[in-house]
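The residues making up each chain are set out below.
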Amino acid sequence: MLKKWNEIIFDHKISLQERMFRVTTGICTVALVIILLMGRSLSNLVILAVSLACIAAIVKISIHKECIHTGSTAIAVLLLLLFPVSFFTAGGFFSGVPEWFVLCFIYISITLQGRRKAVFFLFCAAETLLCYYMAYFYPELTSHNTLSHSYFCSAISVILVGIMASILLLFVTGLYEKENEISKQQKKEIEELNKAENNFFSSMSHEIRTPINTIIGLNEIILRGDIPDDVAENARNIQSASKMLLTLINDILDLSKIKSGKMEIVNVSYETGALFSEIVNMIWIKAREKGLEFQLHVDSSIPSMLCGDEIRIKQILINLLNNAIKYTSKGSVSLSIWCEHLMLNRVRVWYSVEDTGQGVKKENIPYIFNAFKRVNEEKNRHIEGTGLGLSIVHQLVELMGGEISVNSVYTKGSTFLVMLEQDIVDDKELGTFTLASRVRAKEGEQYKQSFEAPDSHILVVDDNEMNLMVVRKLLSATKIHLDTALSAVDCLRLTQIQHYDAILMDHLMPEMDGIQCLHALRTQPAGLCRDVPVIALTANAGSDNQLLYRKEGFSGYLAKPVSGALLEASVLSILPKELVKLNETTNQSEIGKDVLIFEQTKRVSVMVTTDSVCDLPEELRKEFNLPVCPYYVCADSGRFLDELELKADELLSHVTAGKNAFSQPPSVEDYEKFFAERLTEAQNVIHITMAKHVSQGYNNALEAAKSFENVTVLDSGHLSSSMGLVVLYAAYKAENHATKAEIIRTVKRLRRYISSAFIIDNTHFMCQSGKISRRVQVVCDALLLHPIIVLKNSKIVVGGMEMGSFYHVAKHYVKKIFTNTRNIDRRILFITYAGMDTKKLRYLQALVQQHCPFERVYVQRASSAIAINCGPGSFGLLFMRKNEDTLSLSEASKPDGNP
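Reading the values: rules and limits
- Each chain carries its own residue numbering, running from 1 in the written order of its sequence.
- Residues qualify for local features only when their pLDDT is at least 70, as the model is predicted, and side-chain atom pairs are given and counted only at 80 or more; totals for whole chains, interfaces and linings, by contrast, use all residues.
- Based on all heavy atoms of the structure, the side-chain values leave hydrogens and waters out of the count.
- Counting from the N terminus, the helices are DSSP H or I runs at least four residues long and the strands are E runs at least two residues long.
- Accessible area is worked out with a 1.4 Å probe on protein chains only. A residue is then buried under 20% of its type maximum, exposed over 50%, and partly exposed in between.
- Note on contacts: a residue pair qualifies if any of its non-hydrogen atoms lie within 4.5 Å across the two residues.
- Lines fitted to C-alpha atoms define the axes, with helix axes restricted to the stretch in contact, and inter-axis angles between N-to-C directions lie between 0 and 180 degrees.
- Throughout, the term roughly parallel applies to angles under 35 degrees, roughly antiparallel to angles over 145, roughly perpendicular to angles from 65 to 115, and oblique to all others.
- The sense of a crossing depends on the near helix, which, turned anticlockwise from the far helix by less than a right angle, makes the crossing left-handed and, turned clockwise, makes it right-handed.
- Here the nonpolar group is Ala, Val, Leu, Ile, Met, Phe, Trp, Tyr, Cys and Pro; Asp, Glu, Lys and Arg are the charged ones; every other residue, Gly included, is treated as polar.
- Surface patches are defined over residues having more than 30% relative accessible area and no salt bridge, joining like charges when they lie within 9 Å and nonpolar side chains (Val, Leu, Ile, Met, Phe, Trp, Tyr) when within 5 Å.
- Residue burial considers only the protein chains on display, and all accessible areas are found by Shrake-Rupley using a 1.4 Å probe.
- When a carboxyl oxygen of Asp or Glu lies within 4 Å of a side-chain nitrogen of Lys or Arg, that pair is called a salt bridge.
- What makes a nonpolar core is a set of buried Ala, Val, Leu, Ile, Met, Phe, Trp, Tyr and Cys residues whose side-chain atoms join them at distances within 4.5 Å.
- Only strands that DSSP links by at least two bridges are regarded as paired with each other.
- Seen with its strands pointing away from the viewer, a crossover is right-handed when the path leading from the first strand over the helix to the second is clockwise.

Draft legend 1. Fine view of the overall build of the protein chain. For the protein chain, the helix and strand inventory stands at 29 helices and 28 strands. The buried share among the 899 residues of the protein chain stands at 51%. The long-range fraction of contacts in the protein chain, counting pairs at least 24 apart against all pairs at least 6 apart in sequence, stands at 76%.

Dropping the structure here:
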């Protein structure tokens, strides 16, 4: 029995929690037997028998039902009930029972988890104190022991508790040591498995690329010839399928490297113009084949040379552009690039890939960067790919310390935004430029080599004869004299008897690999090619290999499979210029003006937007570039845009005549369109809405923002011009280059410092719109009361009542709110009104000037959407109370906007 129990305790297949439960419960059960026997009574023996039966049942059920935590809790409750019984029956303090309370604490600490552990720990401590208290003040409750018996029991208890606690600790320590050993072994096995997996993927990549190189190369030779249309179509299909297979291999290899932590970011100096040209040359033909317009928008202030991982940046952009083209059936795909200078030699570059494709549903956006996950699988089943591309992009961006986000409206299109910080190598601005790089031959046109070099002589080294044949055929039109070598030994033999103008060398070869061969070549006695440029022509792809080849002394790097154009371009880059005769047509870019648009495109970092109910003066909205999303006003004659199509005075006249009207927030679709337009001007949008419990606008905007990772919706907690104060401050912060997080944090803090109260002249409108109850309206009308509406926790509440005429109410209200002016920021005040004449407005201004003069007072007519809810004759005095941010806000209100 003991042997079986020991096997169970150290069986790592059983959960650690269950084994700990078994050990601690066993120890505490033994302790329970001992302390109950100390009571020396028949009742204690009965309690002991029942307790043991209960513990056995709890343990069995807990293990069988796999509810260990519940079982531990039940036993802890049982211990807390039984310990006081044994305490009083055994003699209280003058017995050996108090020492056993320690085991109860240990049991709770080991077996229980989370908040439950803390609660039971407190219960156990309270119970201990209560037992001592009762035993001290009510000694008659405890059994009486002789002094010698007390000492004897106490000594035995200390020894036994010490032994049991030690056994428990030894078991626990042993379990943890065993688990640690198992964990280390598993970690070692996982590392070996990852290593084997990496070796497999690397080998697979090399072995598969070699035959694909032959397929693509020979297929290109076929396409160069004068062949029938049906043969040409088959050849193009072979080319397309081969490239798709190559893409899948690259994706799997990259994902494997990223997952195993083997992916390295290699920062090098690169020309931004050359990078953009390469990307366009790869993408524009694909877009044209689908009938899509491809546009490139480049910020002319981008530095001409940056330091970053050029290979991975190119991979990110090409993956995103390919993805955009795949999921776009008509319209356009555009790449926009702009920058933001951070410091003397540092720049933040933004890359935006936008399409007019099918877009992504809101519920799928959180999963769009998951590996092997394709959203809307049923609709996209005909589109090629494994779903790895975006996952790789996301992880590469994170490896480079950047950010990536997606904004998408289903059926309208998507925008992927990537931000990467890079060092400036040459701060000369790129400016407006044209592409002079070569473009692949158009489909159906006759191939024409990019150059001829009949007097040049090159050597190609590869252990695969098919690869050598492919290179020979691809370069045959250039009239280059070409020798081949099947091994590094053959290469070194040939370079002793023949001088070559350039050498193309494979990396992985038997006996001596390409790197060893290059080193031998550079130090070859009497060698004729010690200084000849050598390009690594290899199936080992990746930026880490690029770094390796550069470090080892290669002049260039070309990954298999290689196209004829890339091969020609690589050879052309290392051949002596005097041996090369360029084909005149290669100097002319085939990309028309209708395809590329080079222009200065800048977007602000953060744009603050709001709704038309913010009730800010037009001059401030223009000054701080505050776009507003209009509310609607629905009347008998139709639906109108707030303030754009219907002014407040017209609306109030309409309603006063007995006609119905009500305000309506923008729909989710309205907000989606509004946000999409704003994101063409800004990288991030912060939209501030009316108090969320006052209008559905907040919820609609929040739902729309789910389609855009760069849109944040904030509840102002206010309405009308008090909401406008929040917006004004946020816009000021954005204009002064505060980060999105800073603006959000400050706006949330600012809400409680704004005084937002309105005096309602006629409660009929508030009741009709559901803002106050019918009962409040009846009371106000009967007693000629004017409610003071305030906002608390984004809810409209009645903050007080005023009685009498307008002039009496205004005088009393102004005097009341400006009684203590020490905590009022006097630099900006909004007097926002609905349906009031000039005389009353001047009276209000005079009252304010008398009690608390402000530096700047805006008399602002409420928007029609606000006016329809509060009714004519209503007004509010809206200002800020002093806090650490009011200085900036007040300065923002100055006419010139300068602090």
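There's plenty left to go through after this.
Draft legend 2. Quick peek at the packing of helix α22 (residues 720-735) against helix α23 (residues 740-750). Here α22 crosses α23 at 155 degrees, and the two axes come no closer than 10 Å. What the angle tells us is that α22 and α23 run roughly antiparallel. Every pair of crossing elements has a handedness; the one defined by α22 and α23 is right-handed. Of the residues in α23, those touching α22 at V726, Y729, A730, K733 and A734 are I743, T746, V747 and L750. In terms of residue class, the contact of α22 with α23 is made up of 7 nonpolar, 1 polar and 1 charged.

Draft legend 3. Up close: a nonpolar patch on the surface. On the surface, a nonpolar cluster with roughly 690 Å² of combined accessible area is contributed by L130, Y133, Y136, F137, Y138 and L141. In this fold, L130 is placed in helix α6 (residues 114-137). Assessed through its relative accessible area of 51%, L130 is described here as exposed.

Draft legend 4. Representation of the environment of M723 within the structure. Counting through the fold element by element, M723 comes out in helix α22. Residues M723 and I754, 31 residues apart in the sequence, show an inter-C-alpha distance of 8.8 Å. Filtering out sequence-adjacent residues up to four positions away, M723 remains in contact with T610, D611, V613, C614, I688, T689, M690, S716 and H718.

Draft legend 5. How the structure looks around the nonpolar core. Of all hydrophobic cores here, the largest spans 75 residues; its most connected members are V608, F675, I688, M690, V711, I743 and F830. Here the element with the most residues in this core is α22; it accounts for 10 residues. Leaving out residues up to four positions away in the same chain, F830 has contacts with D615, L616, P617, L620, S721, L725, Y858, Q860, G876, L877 and L878. Counting 50 residues, the second largest nonpolar core, distinct from the first, contains W284, I285, Y351 and V418.

Draft legend 6. Quick peek at the pairing of strand β21 (residues 711-715). Most of β21 is tucked away: 5 of the 5 residues are buried. In this structure, strand β20 (residues 682-689) lies alongside β21, joined through 5 bridges in parallel fashion. Bridging from a neighbouring strand, V685 pairs with V711 of β21. With helix α21 (residues 697-705) bridging β20 and the parallel β21, this β-α-β connection has right-handed handedness.

Draft legend 7. Representation of the pairing of strand β4 (residues 332-343) in the model. Summarising the sheet, strand β2 (residues 293-298) and β4 pair through 6 bridges and their orientation is parallel. In the sheet register, F294 faces β4, and the bridge partner there is V333. Bridge count for β4 against strand β5 (residues 346-355) is 10 bridges, and the pairing is antiparallel. Bridged to I337 within β5 is Y351. Following β4, the chain reverses through 2 residues before pairing antiparallel with β5.

Draft legend 8. Spatial organisation of the packing of helix α4 (residues 68-90) against helix α5 (residues 101-111). Orientation of α4 relative to α5, taken along the N-to-C sense of each, is 170 degrees, at an axis distance of 10 Å. It follows from the interaxial angle that α4 and α5 lie roughly antiparallel. Of the residues in α5, those touching α4 at H69, S72, I75, A76, L79, L80, F83 and F87 are F101, C104, Y107, I108 and T111. Classifying every residue of the contact of α4 with α5 gives 10 nonpolar, 3 polar and no charged.

Draft legend 9. Summary view of the sheet that holds strand β19 (residues 661-664). One open sheet holds the 3 strands; their spatial order is β18-β17-β19, and the pairing between them is antiparallel. Unpaired on one side and paired on the other, β18 (638-641) and β19 mark the two borders of the sheet. Averaged over all pairs of adjacent strands, the angle between strand axes in this sheet comes to 25 degrees, irrespective of strand direction. Inspection of the sheet shows strand β17 (residues 632-635) paired to β19 by 4 bridges, in the antiparallel sense. The residue of β19 that forms the bridge with V633 is S663.

Draft legend 10. How the structure looks around the pattern of salt bridges. A full pass over the atoms with the stated rule returns 13 salt bridges. Residues E421 and R346 are paired through a salt bridge, measuring 3.6 Å at the closest nitrogen-oxygen approach. Here E421, found in strand β7 (residues 413-429), pairs with R346, found in strand β5; they are 75 residues apart in sequence, far enough to count as distant. A relative accessible area of 30% places E421 in the partly exposed class. A salt bridge links D423 to R346; its shortest N-O distance comes to 2.8 Å. On the criterion of sequence distance, the pair formed by D423 in strand β7 and R346 in strand β5 is long-range, its members being 77 residues apart. Using a relative accessible area of 23% as the deciding quantity, one classes R346 as partly exposed.

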